[in-house]
Amino acid sequence: MTRGTPSVLLLVGAFVWLGSPPPSLACSVCYGQADSPMIDAAQMGTWLLLGVVLSVQMAFAAFFLYLRRQAARHAQGTSEATGPGQPREWRST
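Cut-off values and rules
- Residues numbered from 1 in each chain as written.
- Predicted model: local features only at pLDDT ≥ 70, side-chain atom pairs only at ≥ 80, totals over all residues.
- Heavy atoms only, no water.
- Helix = DSSP H or I, 4+ residues; strand = E, 2+ residues; numbered from the N terminus.
- Buried < 20%, exposed > 50% of the residue type's maximum accessible area, 1.4 Å probe, protein only.
- Patch = residues over 30% accessible without salt bridge, like charges linked within 9 Å, V, L, I, M, F, W, Y side chains within 5 Å.
- Areas by Shrake-Rupley, 256 points an atom, 1.4 Å probe, with all protein chains shown as cover.
- Salt bridge = Lys/Arg side-chain N within 4 Å of Asp/Glu carboxyl O.

1. Things to note about the overall build of the chain
Line of reasoning, step 1. Looking only at helices and strands, the chain has two helices and zero strands in total.
Line of reasoning, step 2. A total of 93 residues make up the chain; the buried ones form 3% of that total.

Next up, the structure:
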């Protein structure tokens, strides 16, 4: 070991100690009862947000699968190029 190594370790240890929050700054939920209604509500809120996020992701996946299917149809030449409101002779076959 060199002469400066203990002082560097001491300095790093001091920064870690000063950078960590003291336990008194934690919220009351962290130190409260584990089976309180507030904890149950927070868990239900977490599950709700996970459900919303997953449903949005599934909608994106379904949309891109739809686009992939339409691109494959178009590449085969069997796509309906226009919507159902236009005359039949304008559609590509």
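This is not the end of the story, as more comes after the structure.
2. Concerning a nonpolar patch on the surface
Line of reasoning, step 1. A grouping of Leu-48, Val-52, Val-56, Phe-60, Phe-63, Phe-64, Tyr-66 and Leu-67 is seen on the molecular surface, where their side chains present a nonpolar patch of about 800 Å² in accessible area.
Line of reasoning, step 2. Mapped onto the secondary structure, Phe-63 falls in helix 2 (residues 37-76).
Line of reasoning, step 3. With relative accessibility at 44%, the residue Phe-63 sits in the partly exposed group.

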